[in-house]
Amino acid sequence: MDREVALDKIRGRVAGLDVHKKTVVACALTLEPDGSMVRSKASFSTTSNGLVELAGFLDRAGVTTVAMEATGVYWKPVYYSLEGMFDELWLCNAHHVKNVPGRKTDMSDAEWLADVAAHGMVKPSFVPPPDIRELRELTRYRKTQISERGREIQRLEKVLQDAGIKLSSVTSRVWCVSTRQMIEALIAGERDPEVLAEMARSKMRSKRPQLAEALSGRFGPHHATVARQIIAHIDFLDASIAALSADIARRVAPFEQAVKVITSIPGIATLTAEVVIAELGVDMSHWPTGGHCCAWGGLAPASHESAGKRKPVGTRHGGNWLQKALIEAAWASVRSPGTYHNALFKRIARRRGPNKAIVAVAHSMLNTIWHLLSTGELYQDPGADFYDRLDNPAREAKRLTRRLETLGYTVTIAPAA
């Protein structure tokens, strides 16, 4: 423990934690009545007993603000064990608290983090409450299972192509009730294309001649082995997704009104609404404006200005899970003609292309979600003619008139000859 003369600090009792997989290094800075700053440092294990010792060390130091760097998933046990024990517990973006190069040690990193927190040079990241965190864990894992299911279907398509089975050239989907029955028959040893084509159901029966031609291939025993394992894996993933969805639905039940509000936006189904609640929660007071929420979600434009010149650098880094879910919802929304999102997409796509346009629509959807969850109102679509009304000459004349009048001018409008 040593003493130093304290500089101008916003907080007088701060601790910085440098978190690693096996250890966490703590540095506590406390301001004494005589104006000096006492610095205490120690290293602890990240096991349960070690975290209890860490909490005791911070309590004895009398700190009120604890700041830690977000390091992979290793910050989670440390954060959860200290949650609720101090006035402020901050999780800080590692990019925002990088130390200057040279003389880098774990102790110096912890001290630097405590120092920047004491001077107010860093802001805490958003950490949702425990019930939202649990829901987030489930929705994210469900998304990985859904993605893996899609990859398995793609692998099945590769196996069929290798065997000369051209199902995807006739059907819109490789995996459905009819195609599954045909593939299982191929695995069982059936090779007659006419018999396989007769297994088609519903609207696919009109394509039986084309199916018979597509099912004439060289499906061998090794293809059957691989296809059998892929189908078993798809069945396992279906059961896993169903179990996760049931648990998620049970946990989302208390937020039924929020789901109703979010799904009132065209293109957003219940599954996407569950992801939005898991990533954002339902308390929008964490973000001062909808723009701040969009920036956190990775749907706001980043900025890079140097020498008075601004360079395009895409969107800001943010919540990838929320970003992907809303972009998928945006594609669904813009396919609905006569809606505001459809008009917004067309307006931007013809100037900047569809990829930038769809991000703009997702940005608009997230901004709308922030406003709707803040007010509790349902979505009212502005309509496809929103920009036509906005660009109305009479409306523009009124806007310019008000602006000139606020500058002290008297405006008279007369029709042109």
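Above this note sits the structure.
Cut-offs applied
- Residues numbered from 1 in each chain as written.
- Predicted model: local features only at pLDDT ≥ 70, side-chain atom pairs only at ≥ 80, totals over all residues.
- Heavy atoms only, no water.
- Helix = DSSP H or I, 4+ residues; strand = E, 2+ residues; numbered from the N terminus.
- Rg over C-alpha atoms; globule rule 2.2 N^0.38 Å.
- Buried < 20%, exposed > 50% of the residue type's maximum accessible area, 1.4 Å probe, protein only.
- Contact = heavy atoms within 4.5 Å.
- Patch = residues over 30% accessible without salt bridge, like charges linked within 9 Å, V, L, I, M, F, W, Y side chains within 5 Å.
- Areas by Shrake-Rupley, 256 points an atom, 1.4 Å probe, with all protein chains shown as cover.
- Salt bridge = Lys/Arg side-chain N within 4 Å of Asp/Glu carboxyl O.
- Lys, Arg positive; Asp, Glu negative; His and termini not counted.
- Charge placed at Lys NZ, Arg CZ, Asp CG, Glu CD.
- Phe/Tyr/Trp six-rings, centres within 6.5 Å; stacked < 30°, edge-to-face > 60°.
- Pairing = 2+ DSSP bridges.
- Core = buried A, V, L, I, M, F, W, Y, C linked by side-chain atoms within 4.5 Å.

## Digging into the overall build of the chain
Turning to step 1, where the next piece is worked out: Helices and strands together make up the secondary structure of the chain, namely 16 helices and eight strands.
Turning to step 2, where the next piece is worked out: Over its C-alpha trace the chain gives a radius of gyration of 29 Å, far above what one expects of a compact globule, namely 22 Å for 417 residues.
Turning to step 3, where the next piece is worked out: Considered along the principal axes of its C-alpha atoms, the chain spans approximately 95 × 80 × 45 Å.
Turning to step 4, where the next piece is worked out: Out of the 417 residues in the chain, the part that is buried amounts to 41%.
Turning to step 5, where the next piece is worked out: Pairs at least 24 residues apart make up 62% of the contacts formed inside the chain by residues separated by at least 6 positions.

## With respect to a positive patch on the surface
Turning to step 1, where the next piece is worked out: Together, Arg350, Arg351, Arg352 and Lys356 make up a positively charged patch on the protein surface.
Turning to step 2, where the next piece is worked out: At three residues, the largest contribution of residues to the positive patch is made by helix α13 (residues 340–352).
Turning to step 3, where the next piece is worked out: Following the sequence through the fold, Arg350 ends up in helix α13.
Turning to step 4, where the next piece is worked out: A residue is classified by how much of its surface remains accessible, and Arg350, at 66% relative accessible area, is exposed.

## Considerations on unusual backbone geometry
Turning to step 1, where the next piece is worked out: Positive phi values are uncommon outside glycine, yet Ser202 reaches one of about 55°.
Turning to step 2, where the next piece is worked out: Topologically, Ser202 is positioned in the loop between α6 (193–197) and α7 (208–214).

## Notes on the side chain of Thr368
Turning to step 1, where the next piece is worked out: Structurally, Thr368 can be placed in helix α14 (residues 354–375).
Turning to step 2, where the next piece is worked out: On the basis of relative accessibility, which here comes to 18%, the residue Thr368 falls in the buried class.
Turning to step 3, where the next piece is worked out: Thr368 has contacts with Ile265 and Tyr379, leaving out every residue within four places of it along the chain.

## As for the packing of aromatic side chains
Turning to step 1, where the next piece is worked out: Per the counting criterion, the structure on display carries nine aromatic pairs.
Turning to step 2, where the next piece is worked out: Aromatic side chains Trp75 and Tyr79 sit 5.7 Å apart centroid to centroid with 85° between the ring planes, which places their arrangement in the edge-to-face category. Here Trp75 pairs with Tyr79, and both are found in helix α2 (residues 75–82), just four residues apart, close to one helical turn.
Turning to step 3, where the next piece is worked out: Of the residues examined, Tyr79 reaches a relative accessible area of 7% and is grouped as buried.
Turning to step 4, where the next piece is worked out: Taken together, Trp75, Tyr79 and Tyr80 form an aromatic cluster joined through their ring pairs.

## What to know about the pairing of strand β3 (residues 23–31)
Turning to step 1, where the next piece is worked out: Counting buried residues in β3 gives seven out of nine residues, a clear majority hidden from the surface.
Turning to step 2, where the next piece is worked out: As paired elements, strand β2 (residues 13–19) and β3 share seven bridges and run antiparallel to each other. Across the sheet, Asp18 pairs through a bridge with Val25, a residue of β3.
Turning to step 3, where the next piece is worked out: In textbook terms, the turn of a hairpin is the stretch between consecutive antiparallel strands, and for β2 and β3 this stretch comprises three residues.
Turning to step 4, where the next piece is worked out: Connecting β3 to the next strand, strand β4 (residues 36–45), in antiparallel fashion are four residues, including Gly35 with a positive phi near 90°.

## Some details on the pattern of salt bridges
Turning to step 1, where the next piece is worked out: One pass over the structure, following the stated rule, counts 18 salt bridges.
Turning to step 2, where the next piece is worked out: Note that Arg251 is salt-bridged to Glu134, the shortest N-O span being 2.8 Å. Here Arg251 is found in helix α8 (residues 221–252), whereas its partner Glu134 is found in helix α4 (residues 130–162), with 117 residues between them in sequence.
Turning to step 3, where the next piece is worked out: Arg251 sits in the partly exposed class, given a relative accessible area of 27%.
Turning to step 4, where the next piece is worked out: We classify Glu134 as partly exposed; its relative accessible area is 43%.
Turning to step 5, where the next piece is worked out: Through salt bridges with shared partners, a single network forms among Glu134, Asp247, Arg250 and Arg251.

## Notes on the nonpolar core
Turning to step 1, where the next piece is worked out: Among the nonpolar cores identified, the biggest contains 47 residues, and Ile262, Ile268, Ile277, Leu280, Leu326, Leu366 and Ile369 are the most heavily contacted of them.
Turning to step 2, where the next piece is worked out: Element by element, the count of residues in this core is highest for α14, at 10 residues.
Turning to step 3, where the next piece is worked out: For Leu280, the contacting residues outside a window of four places in its chain are Phe126, Trp287, Cys293, Trp296, Leu322, Leu366 and Ile369.
Turning to step 4, where the next piece is worked out: Among the nonpolar cores identified, the runner-up in size contains 31 residues, and Ile165, Met204, Leu215 and Ala224 belong to it.

## Observations concerning helix α10 (residues 270–280)
Turning to step 1, where the next piece is worked out: Extensive coverage of α10 is indicated by the burial of nine of its 11 residues.
Turning to step 2, where the next piece is worked out: Taken residue by residue, α10 has Thr272, Ala273, Glu274, Val275, Val276, Ile277, Ala278, Glu279 and Leu280 as its buried positions.
Turning to step 3, where the next piece is worked out: Contacts from the buried residues of α10 go to α4, α8, α9 (256–263), α11 (290–296), α12 (320–334) and α14.
Turning to step 4, where the next piece is worked out: Count one or two residues on from α10 and you reach Gly281, which has phi positive near 80°.

## Details of a nonpolar patch on the surface
Turning to step 1, where the next piece is worked out: Together, Leu404, Leu407 and Tyr409 give the surface a local cluster of nonpolar side chains, amounting to about 330 Å² of exposed area.
Turning to step 2, where the next piece is worked out: Turning to its location among the elements, Tyr409 is positioned in the segment after α16 (393–406).

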